[in-house]
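Architecture and fold: a report
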Amino acid sequence: MRRVEAMVTGLGGGGHGEQIFKALRIAATRYEIVGGDMSMQSKGLFEADHAYLLPPANDPSYVDTVIAVCEKHHVQVLFHGSEPELRVMSKKRRVFQDAGLFLPINPEHVIDLCMDKAKSMKWLGEKGFDHPRTVIVSNIHDLESVEVLPAVLKPSIGGGGSANTYLAQTREDLIALGRHLLDTHPQYIVQEYVGTPDSEYTVGVLTDMDGNLVNSIAVRRLIMSGLSNRIKVPNKTGNPKLGPVLAISSGISQGEIGPFPEVTGPCEEIATSLGCRGAVNMQCRYVDGRVLVFEINPRFSGTTSLRAMVGYNEPDLLVRKYVLGEQIERRFKYKSGYILRGLVEAFVESVNVPVATELTMRSDT
């Protein structure tokens, strides 16, 4: 079988870069993987075939450095592992493509829209798709427009893994938390809290790079465990439909995995309407027969390797089609069941990874 040289950046922090790496490792396709991260203490660097310390994505040398590493190792496909890197690769996609790299990312307009939660929620409403009622806040007076509680407050941009996300049950909570967020973020959104913790899904929709729908998958999330939970508080709203406990996930997903057509169907419609190319991931709750999407991530998911475990390997599918020239079956079958997660530790005796700008190489054997 032909070997594919791939580079995955952002291997540290347990984010989607590590997930892509894991998915490639369990694929039937043979991969030689070059790993990159800006932190020397990245566990993923010590698991890659070749490892480099990269400059931050906002460093002027970032693009040239990544391309130099790719050229040295004859890399054919480049995967981003963090959202700052996705932004840079999106803006400089022509430079990477001119270097002969397959860059499986969405169109720039999709990335720019979906990475801004305020814009993406407005777009969903304009297109007639269901989503929680949302208010955009840029000053304290905007909170007067919030008509429903409980509500979730989170930054419009960033906030991966539910970072800087808060839950308000009372008007007093809303004002206090709203003031706090304004101290650190110029804009955020307030979303109606909907459904119960067991009604939450993370949904992946895969289209090819020509916009043709390939398949979809969902995980009904188990968010009450310590690993998968960011916020968990008793329901004091008096609304029994929300369940006894209000919860927000940590972004570390686990749970029941499968097709879930009642949930994936509307998400497929959203991906098609957006004009997605490649992978897109949506967070939603299924309430009274409606799919309420509260976040769209225009990239590979934090559940990429979980999906690969059941035969839904998104990065490998795109490589097989566009690098190896294989035919990819639409609506291919995959397994259903439960994916559960824990922690895996690694002991590294010496933390010493070469700096990519020096173009010195370390191969793990």
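Residues numbered from 1 in each chain as written. Predicted model: local features only at pLDDT ≥ 70, side-chain atom pairs only at ≥ 80, totals over all residues. Heavy atoms only, no water.

Backbone hydrogen bonds are what pair the strands of a sheet, in a parallel or an antiparallel way. Taken in spatial order, the six strands of this open sheet run 15-14-9-10-13-16, and their pairing is antiparallel. Of all strands in the sheet, those with a lone pairing partner are strand 15 (290-297) and strand 16 (337-339), marking the two edges. The mean angle between the axes of side-by-side strands here comes to 30°, regardless of whether they run parallel or antiparallel. In this sheet, strand 15 lies alongside strand 14 (residues 278-287) in antiparallel orientation, the contact comprising seven bridges. By the bridge assignment, Tyr-286 is partnered in strand 15 with Val-291. In the packing of helix 10 (residues 314-322) onto the sheet, the strands contacted are strand 9 (200-207) and strand 14, and the crossing angle to strand 9 comes to about 5°. (Pairing = 2+ DSSP bridges. Helix = DSSP H or I, 4+ residues; strand = E, 2+ residues; numbered from the N terminus. Axes fitted to C-alpha atoms, helices over the stretch in contact; angles between N-to-C directions. Contact = heavy atoms within 4.5 Å.)

This next bit is on the packing of aromatic side chains. Scanning all chains against the criterion turns up seven aromatic pairs. Joined through ring pairs, the aromatic side chains of Tyr-312, Phe-332 and Tyr-334 make up one cluster. When the ring centre of Tyr-322 is taken as reference, the NZ or CZ atom of Lys-321 above it lies at 5.5 Å. (Phe/Tyr/Trp six-rings, centres within 6.5 Å; stacked < 30°, edge-to-face > 60°. Lys NZ or Arg CZ within 6 Å of the ring centre and 35° of its normal.)

This paragraph deals with a nonpolar patch on the surface. A contiguous nonpolar surface patch, about 330 Å² in accessible area, is contributed by Leu-222, Tyr-338 and Leu-340. You can see Tyr-338 is positioned in strand 16. With relative accessibility at 52%, the residue Tyr-338 sits in the exposed group. (Patch = residues over 30% accessible without salt bridge, like charges linked within 9 Å, V, L, I, M, F, W, Y side chains within 5 Å. Areas by Shrake-Rupley, 256 points an atom, 1.4 Å probe, with all protein chains shown as cover. Salt bridge = Lys/Arg side-chain N within 4 Å of Asp/Glu carboxyl O. Buried < 20%, exposed > 50% of the residue type's maximum accessible area, 1.4 Å probe, protein only.)

The next thing to look at is the confidence of the model for the chain. Here the chain shows a mean pLDDT of 93. Residues at 70 or above account for 96%. Across residues 360-365 the pLDDT falls below 50, and counting only partners more than four positions away or on other chains, this stretch makes 22 contacts in the model. (pLDDT = per-residue confidence, 0-100.)

Attention now moves to the environment of Ser-250. Position of Ser-250 relative to the elements: it lies in the loop between strand 12 (245-249) and strand 13 (255-258). Each C-alpha atom of the pair Ser-250 and Pro-240 lies 24 Å from the other, and the pair is ten residues apart in sequence. Of note is the side chain of Ser-250, whose polar atom sits 2.9 Å from the backbone oxygen of Leu-227. A polar contact of 3.2 Å, which involves the side chain of Ser-250, links it to the backbone nitrogen of Ile-252. (Polar contact = N/O pair within 3.5 Å; in protein donor to acceptor, adjacent residues only side chain to side chain.)

Our focus in this paragraph is the nonpolar core. Core analysis: the biggest nonpolar cluster contains 37 residues, and Leu-24, Tyr-31, Val-77 and Phe-79 have the highest contact counts within it. Those elements giving two or more residues to this core turn out to be strand 1 (3-8), helix 1 (16-25), strand 2 (30-37), strand 3 (50-53), strand 4 (77-79), strand 10 (213-221) and helix 10. Not counting the four nearest positions on each side in its chain, Val-77 is found in contact with Val-4, Glu-5, Ala-6, Met-7, Phe-102, Pro-104, Val-319 and Val-323. (Core = buried A, V, L, I, M, F, W, Y, C linked by side-chain atoms within 4.5 Å.)

Backbone torsion omega between Leu-149 and Pro-150 reads 5°, so that peptide bond is classified as cis. Looking at the element boundaries, Pro-150 is found in the loop between strand 5 (134-137) and strand 6 (151-155). The residue His-74 is not glycine, and still its phi comes out positive at about 55°. Relative to the elements of secondary structure, His-74 occurs in the loop between helix 2 (62-72) and strand 4. On the accessibility criterion, His-74 (62% relative accessible area) is exposed.

This part is about the environment of Gly-100. By the secondary structure assignment, Gly-100 is in the loop between helix 4 (93-98) and helix 5 (108-114). What makes Gly-100 exposed here is its relative accessible area of 56%. Each C-alpha atom, one on Gly-100 and one on His-185, is 38 Å from the other, the two residues being 85 residues apart in sequence.

As a further point, take the pairing of strand 12. For strand 12, a buried count of four out of five residues is recorded, marking the element as mostly surrounded by other parts of the structure. Where strand 11 (residues 229-234) meets strand 12, five bridges bridge the pair, whose relative direction is antiparallel. By the bridge assignment for strand 12, Lys-232 is matched with Ala-247.

A few words now on the sheet that holds strand 4. Strand order in the open sheet made by the four strands is 3-2-1-4, with parallel pairing throughout. Strand pairing shows two members of the sheet lacking a second neighbour, strand 3 and strand 4, which therefore form its edges. Shown here is a sheet whose adjacent strand axes are inclined to one another by a mean of 20°, direction ignored. Two elements, strand 1 and strand 2, share six bridges in a ladder whose sense is parallel. If you follow Glu-5 over to strand 2, its bridge partner there is Glu-32. This element, helix 2, spans strand 1, strand 2, strand 3 and strand 4 of the sheet and lies at about 160° to strand 1.

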